[in-house]
Amino acid sequence: MPKLTVDGFGSVEVADGKRLVLAIEQDAHVDILHACGGNARCTTCRVEFIEGEPPQMTRAEQQVLAAKGVTGARLSCQIVCDHDMTVRAISRLEGSGRPDPGGPPAPEITPPPEWL
Ligand code: FES
């Protein structure tokens, strides 16, 4: 099982292939935002990679990062845990002023991934 480390929150083992946004929320118990419900539209699920950044990216992730001018971060809703990773959760409910983290992301990457 891949190991997920969230900087400042420790390390957990997660199910192989689990969406990173769900692993951060459900396994590492970090209050990451996912305002668009994991659909690569909002970028609130963004994380910074310290180690293990995946070389692959979905077309949806690439397009929304470019459209919003986001650099140095990846979208945790567009990544699956298939190897060890260390990330920094830079977009959390705490301090956001939002009432909730957003709708629950589906178990699988949405929209259906087109890998680049
Ligand atoms: S882009 Fe909205 S939850 Fe990932």
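Up top you'll find the structure we're talking about.
Quick look at the structure, then. (Residues numbered from 1 in each chain as written. Predicted model: local features only at pLDDT ≥ 70, side-chain atom pairs only at ≥ 80, totals over all residues. Heavy atoms only, no water.)

## Some words on the nonpolar core
Working step 1: The biggest cluster of nonpolar side chains holds 26 residues, and the ones touching the most others in it are Leu4, Val6, Leu20, Ile24, Val47, Phe49 and Val87.
Working step 2: Among the secondary structure elements, those contributing two or more residues to this core are strand S1 (3-6), helix H1 (20-27), strand S4 (46-51), helix H2 (59-68) and strand S7 (85-89).
Working step 3: The element that contributes the greatest number of residues to this core is H1, accounting for five residues.
Working step 4: Once residues within four sequence positions are removed from consideration, Val87 is found in contact with Leu4, Thr5, Val6, Asp7, Leu20, Ile24, Val47, Glu48, Phe49 and Ile50. (Core = buried A, V, L, I, M, F, W, Y, C linked by side-chain atoms within 4.5 Å. Buried < 20%, exposed > 50% of the residue type's maximum accessible area, 1.4 Å probe, protein only. Helix = DSSP H or I, 4+ residues; strand = E, 2+ residues; numbered from the N terminus. Contact = heavy atoms within 4.5 Å.)

## Things to note about the state of the cysteines
Working step 1: Under the definition given, this model contains zero disulfides.
Working step 2: With no disulfide of its own, Cys81 lies 13 Å from the sulfur of Cys45, the closest cysteine sulfur.
Working step 3: A relative accessible area of 1% places Cys81 in the buried class. (Disulfide = S-S within 2.5 Å.)

## Some points on the pattern of salt bridges
Where side chains of opposite charge bring their charged atoms close, a pairing between them can arise.
Working step 1: Across all of its chains, the model carries eight salt bridges by this definition.
Working step 2: With a shortest N-O distance of 3.4 Å, Arg88 and Asp7 are connected by a salt bridge. Of this pair, Arg88 sits in strand S7 while Asp7 is found in the loop between S1 and strand S2 (10-13), placing the two residues 81 residues apart along the sequence.
Working step 3: Since its relative accessible area comes to 34%, Arg88 is described here as partly exposed.
Working step 4: Under the relative-accessibility criterion, Asp7 is labelled partly exposed at 40%.
Working step 5: Note that Glu114 is salt-bridged to Arg59, the shortest N-O span being 2.8 Å. (Salt bridge = Lys/Arg side-chain N within 4 Å of Asp/Glu carboxyl O.)

## Observations concerning H2
Working step 1: Along H2, the residues classified as buried are Ala60, Glu61, Val64 and Leu65. For H2, the arc enclosing every buried residue in end-on projection is 125 degrees, short of the 170-degree limit, so these residues lie on one face. More than 90 degrees from the buried face of H2, the exposed residues found are Ala66 and Ala67.
Working step 2: Considering only its buried residues, H2 is in contact with strand S5 (74-75).
Working step 3: After H2 finishes, the residue Gly69 shows a positive phi value of roughly 70 degrees. (Arc of directions from axis to C-beta.)

In short, shape yes, function no, at least from these values alone.
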